[in-house]
Amino acid sequence: MATPSVRPAVVIGGNRIPFARSNTKYANASNQDMFTAALEGLVARFGLQGQRIGAVAGGAVLKHSKDFNLIRESVLGSSLDPATVAYDVQMACATGMEAIGSLANKIKLGQLDSGIGGGVDTTSDAPIAVSEGLRQVLLELARARSTKAKLTALSRLRPAHLAPSAPGTGEPRTGLSMGEHQAKTTRHWGITRTAQDELALASHRNLAAAYERGFFDDLMTSFNGLSRDNNLRADSTLEKLGSLKPAFGKSLGEEATMTAGNSTPLTDGASTVLLGSEDYATEHGLPMLANFVDFEAAAVDFVHGAEGLLMAPAYAVARMLKRNNLTLQDFDFYEIHEAFAGTVLSTLKAWEDEEFCREKLGLDEPLGAIDRGKLNVNGSSLAAGHPFAATGGRIVATLAKMLHEKGSGRGLISVCAAGGQGVVAILEARN
Amino acid sequence: MADKYLDMVNSGFTATLAKKLGLPRPARLRRWSTQTPLLPGPLLVLGSSARAQALSDTLVSWGLDVRRNDAGGAKLGGLILLLDELTHPEQLSPLMLAAGQAVRQLVPGARVVSISRPALATDEPAVAAVRQGIDGAIRSLGRELRAGATANGILLTGDAEADSPSVLAATHFFLSGRSAYVDGQFLQVSGNAGELPESFDAPLAGKVVAVTGAARGIGAAIAATLYRDGATVIVVDMPGASDALSKVANRVSGTALQLDVTAADAGTRIIEHARARHGQLDLVIHNAGITRDKLLANMDAGRWDSVIAVNIASQLRMNEQLLAADLPGLRVVSLASTSGIAGNRGQSNYAASKGGVIGMVRASAEDFAANGGTINAVAPGFIETEMTAKIPLGTRTVARMVLPSLMQGGLPLDVAEAIGFLAWDASQGINGQTLRVCGQSLVGA
C-alpha cells in the first residue's frame, strides 16, 4: 500500500448568500433552499457545472429530521455532477469549520483533489417537535394492536401535550441560554459595556466599508431579494448601542453589560468554500487564495463551572500555536467569531492573563496581546449575523481573500460553539 | 399576449375569423434549428456577378437546391438577386420584374437577399442612382412580403466579391432562421478576410465570450445562444443581480463575474477573469443597459447621467482597456437601439446613449481592425422582454403589430442570433456597422 503524502490544501474561493435576520427575508426558505443557493452561486463563480467534486461536506445546527441527508440532497439539486459524494457534519456553531478542516485534511492526504465545505442554518424555518408527552402517546398508539390498547393509549393524551416544543439555544445540561453563559464569562473577565459596544460598532463599520469597496462581490450571491446582510447597521453609533437595555445577565442588575447590540441576533443563511489541491486549481484555471495550514478543536468543562461555555477556542489556539511553532503575534489577520462581543474580549483577555495561561493552558508565559487593528477587519458576526453552521464558511472565504489581497502573511480563525467546544484554524497567504 | 395572438390567428376557427375580419395576421417566424434545412425550399439566383458561379457552388455545398435564373414553376424557399454589376437605373427592370414573378412562388418563411454595391459620392451619377435605387426597391419588397418572409441586402465594398468569406457568412445568416426578425436591412461587407466555420451548427466553437448584463432578458438569451453555438461564456452582471446571474451561468456551463460595468477597471477585470479561467478572450458583448425614461422637460441629472454612464461611457472605457490588452482578433458587439436611430418620446437620455453606441462602433472600427478584430452594434426594435411587457397595452400593440413589416415583436433570441453572427470568424469583413433587428419597423426607417 502506498503511503499517502501530505500536500497543501488550498482555499480557492467561497460563496455565501447574504445573511438575514430571523423571520425576515428568508422566513420561508428551508435549509436545503439556502444551501443549494449558496452552492449554485459557487458553481457559477468557478464554472463547476457537471464536475464531480471530491466531496461536499456541511451541515446545519437546527435541522429537520427529514433533512437527514441535507447536503447530499442539496448537491442533487445543484448543477454539480450527481456522482458527487456529500455528507452532513454537525458540531454546533463550529460545523462549518469542522467540515472545511476535515476536507482540507483529506486533500492534504491525497484522498481528495477537491472539496466544498460549508454550512447553513435557519431559525425561521426551524424544526418544531411535538411535546415529549405527545410523542410517547403517538409511539404507544403505533405499537397498539387491539382497539382497547389503542383507546388506552389515547386516553393518556392531555391538552398540555399539544404545545409544540421549539428548539432553543439553551444548553441541555445547564438550562442556561448561551447568552446567560457568556454573561458569566464576560463578568468573570471584567469586560465593560463600553468595550463591548466599541467592538460591535467596529464590526458594523468594517463590514459596511468592505461592502462599499466591493470586497464581497466575488464572495456572495444575492438571494431572495437580498444582496447585503440585513443585520448590518452602517449608521450605528456608540450612543445608539449604549442606549440598548441589557438582554443577558439581567440578574446582575446594574452590572449587566450584554445587549442585543453587542450580541449576535438569530440569523438565516448559508455559506460554501471551495478547496482543492494545487494541481486541481492549476488544471481548472482557478485561483489559489490561501493554504489551509492547520486546524484544532478543543472542549471545556462548562457544566461544572470550571470554564466558560465559549472559552474552548482559547485552549485550541494554544495547542495549535505550539504544534506549528508560532506565537500569537505571528499573524496578519485575526478572525475571532463574534458570538458575543464579550466572547471575543474575554478570549483576548485570557490570552493576555498570566495566571490563565499558566494554570489553564500550561504555558510559561501568556500568549500576549494582539494588534487590535488586525482583528475582524472586514467585520464579523455582530454585523453580518450568525447562521450557526454557516459562520465557518463565511470566515474562511473572507480571510482567504484578505490574505490573497495582501499577498503574504497568516491569518488565525477562532470559532466557539455550543457544548463548550470550539475550532480554530490557520490560513497562509498565497500570491 | 403576443404568443396567444399569434396562436389565435394561425390555427383553427380563429384563424379563419381573423382573416375574414381583416385583422393583422403575424406569421410564425422561421427560426434557426440544426434539425431543419437552411431554406424551406429551392433557392433561385437571379442576375449576374463576377463570382456568381463560385457563390453558387458554395450555396450548393450548403445543401441548397440552387436554380440559376429560372426556377420553372417550383415553390421557392429563397431568392438571391445579384445586382452588383448594374450601372444605370434602366437596367433594374428585367431583374426586378423577374423577382416579382418569383415572389409569387415563395413559401412561408422565405428569404430574399440582394447583393449590390453601396452608392458613393465618388460614383458616376447613374451608377450611384441605380445603387441607391436598389436600397429603396429591396426595402419596399420587404414590406410587401408576407408569411414571415424577409428581404435584406449585402453591400459589397472595397475588393469584396460575391464569394468573399464575409459575404458568404452574411448570405448564410440572411437565408437562415437566425435572421428571422432581421428585415429590410443592408449590411456593408468589405475585404476577403475571414474563414467560414467548419460547421454552421457551432460557428463559435472554441471561442471565449463575455456578455455584460447577462442576468436576464436579452443578455441571458445572448449567453444561451452563444453557448448553443459552441462558445464558452462568461456572464457578467451587477452584484445585486447575482442570484439570476448564477442561474444563467449554470445553464450555459459558464462562469459568473459580478461586476458593475461603470467601475473604472471593469474592462480589465473582464480580461483578467477570461485569461485566468479560460486562457483567452475572443468576444465581448456590451449588453448592460438601463432606461430612466422621462420627457426632457422633466428630466433630472440623476436620470440623464446614470443612463449615459451605464449605456455608453462604460463601453468607451472598457473598449480602451480591451484595445490596450492587445487581444488578437477580438470581436466586440454593442447593443444599440432603434430609439437611438429614430428617437423615442421620453427617451432623450436613452437615445443619446444608444445613438452614441452607433457612433462609437463606426469610429472604433479601424482601431479594432488593426489587431484583426471588429466592432459592430445591433439595434433591436420592439423585443418581447420583461421590460417591454410593462409598456401600456395600446402602445405595445402598435409597437409590436403595426409598425414592423413582420407584424410582431421580436424575441431576445433574435437579437442574440444577430450578435452571434457578427462574432463569427467569417464576419471579419463586417466592421463598424449597426445591424437592426426590428422586423422592419417603421421606426427609424
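Residues numbered from 1 in each chain as written. Chains lettered and ligands numbered in written order. Predicted model: local features only at pLDDT ≥ 70, side-chain atom pairs only at ≥ 80, totals over all residues.

Draft legend 1. Examining the interface of chain A and chain B more closely. At the interface, 18 residues of chain A touch 16 residues of chain B. Grouping the constituent residues of the side of chain A that touches chain B by class yields 5 nonpolar, 9 polar and 4 charged. (Contact = placed C-beta atoms within 7 Å. Nonpolar A, V, L, I, M, F, W, Y, C, P; charged D, E, K, R; others polar.)

Draft legend 2. Representation of the sheet that holds strand 9 (residues 255-258) of chain B in the model. All names here are of chain B. Spatially, the 7 strands line up as an open sheet ordered 9-8-7-10-11-12-13, and their pairing is parallel. Each having just a single partner strand, strand 9 and strand 13 (434-437) make up the two edges of the open sheet. Here the strands of the sheet are splayed against their neighbours by 20° on average, with no regard to which way each runs. Pairing between strand 7 (residues 208-212) and strand 8 (residues 232-237): 5 bridges, direction parallel. By the bridge assignment for strand 8, Ala210 is matched with Ile234. (Pairing = 2+ DSSP bridges. Helix = DSSP H or I, 4+ residues; strand = E, 2+ residues; numbered from the N terminus. Axes fitted to C-alpha atoms, helices over the stretch in contact; angles between N-to-C directions.)

Draft legend 3. Expanded view of the sheet that holds strand 3 (residues 76-82) of chain B. All names here are of chain B. With parallel pairing, 6 strands are arranged side by side in an open sheet as 2-1-3-4-5-6. Every other strand in the sheet has two partners, leaving strand 2 (66-68) and strand 6 (186-190) as the edge strands with one partner each. Within this sheet the neighbouring strands show an average axis-to-axis angle of 20°, counted without direction. As paired strands, strand 4 (residues 106-116) and strand 5 (residues 150-157) are joined by 6 bridges and run parallel to one another. Bridging across to strand 5, Val113 finds its partner in Asn152.

Draft legend 4. The domain arrangement of chain B, seen in detail. Residues and elements named next belong to chain B. By the assigned domains, chain B splits into domain 1 (39-190) and domain 2 (208-431). Each of domain 1 and domain 2 has a C-alpha centre, and these two points are 29 Å apart. With 21 residues of domain 1 in contact, the opposing surface of domain 2 contributes 13 residues. Listing elements by their share of the side of domain 1 that touches domain 2, those giving two or more residues are helix 5 (125-144), helix 6 (165-175) and strand 6. Along the lines of polarity and charge, the residues of the side of domain 1 that touches domain 2 split into 11 nonpolar, 7 polar and 3 charged. (Domains from an automatic or database assignment.)

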